Amino acid sequence: QVQLVESGGGLVQAGGSLRLSCAASGRSFSNYAMGWFRQAPGKEREFVAAISWTTYYTDSVKGRFTISRDNAKNTVYLQMNSLKPEDTAVYYCAAARVPLATMGDPNHVERWGQGTQVTISS
């Protein structure tokens, strides 16, 4: 199975941008659907975006976030633009060998990264 390590979190002002990266080690990275989830203090972990051969986003980030992957580098990215204070959360990379449409359910995730903090100031 893959191991996941996120990077790229930080503190930015509202309206700014960040790019998160998730590096995967292990074999068969291309066989995994990859995704990003986030968890704000006092809230449940929620789905943000996923990618296999296509992409899938939660409504609140459509048009602002872009998920992409580079199978040659075993890396998945989340480009976040027009950031809002409500985007503040710990962002987790996720991997699962499931259909993309089911990636939105955290119970289907096989592997999680350790998380990276994203803080948006108003």
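Description of the structure in this document.

Topic: the packing of aromatic side chains
Aromatic ring pairs: the centre-centre distance and the angle between the two ring planes describe each pair.
Part 1 of the reasoning: Considering all chains together, one arrives at four aromatic pairs under this definition.
Part 2 of the reasoning: Taken together, a centroid distance of 4.9 Å and an interplanar angle of 35 degrees make the contact between Phe47 and Tyr56 tilted.
Part 3 of the reasoning: The exposure class of Phe47 is buried, given its relative accessible area of 10%.
Part 4 of the reasoning: Seen in terms of ring centroids, Tyr92 and Trp112 are 6.3 Å apart; in terms of plane orientation they differ by 85 degrees. Their pairing is edge-to-face. With Tyr92 in strand 9 (residues 89-96) and Trp112 in strand 10 (residues 111-112), this pair connects stretches of sequence that are 20 residues apart.
Part 5 of the reasoning: By way of ring pairs, the aromatic residues Phe37, Phe47, Tyr56, Tyr92 and Trp112 are connected into one cluster.
Part 6 of the reasoning: One residue, Arg45, lies across the ring of Tyr92, its end atom 3.7 Å from the ring centre.

What to know about the sheet that holds strand 8 (residues 75-80)
Part 1 of the reasoning: Here we have four strands laid out as an open sheet, ordered 1-3-8-7, and antiparallel in their pairing. With one partner strand each, in any of the chains shown, strand 1 (3-7) and strand 7 (65-70) form the two edges of the open sheet. Taking the axes of each pair of neighbouring strands and ignoring which way they run, one obtains an average angle of 15 degrees across the sheet.
Part 2 of the reasoning: Both strand 3 (residues 18-25) and strand 8 contribute to a ladder of six bridges, which runs antiparallel. Across the sheet, Ser21 pairs through a bridge with Tyr77, a residue of strand 8.

Reading the values: rules and limits
- Residues numbered from 1 in each chain as written.
- Predicted model: local features only at pLDDT ≥ 70, side-chain atom pairs only at ≥ 80, totals over all residues.
- Heavy atoms only, no water.
- Phe/Tyr/Trp six-rings, centres within 6.5 Å; stacked < 30°, edge-to-face > 60°.
- Buried < 20%, exposed > 50% of the residue type's maximum accessible area, 1.4 Å probe, protein only.
- Helix = DSSP H or I, 4+ residues; strand = E, 2+ residues; numbered from the N terminus.
- Lys NZ or Arg CZ within 6 Å of the ring centre and 35° of its normal.
- Pairing = 2+ DSSP bridges.
- Axes fitted to C-alpha atoms, helices over the stretch in contact; angles between N-to-C directions.

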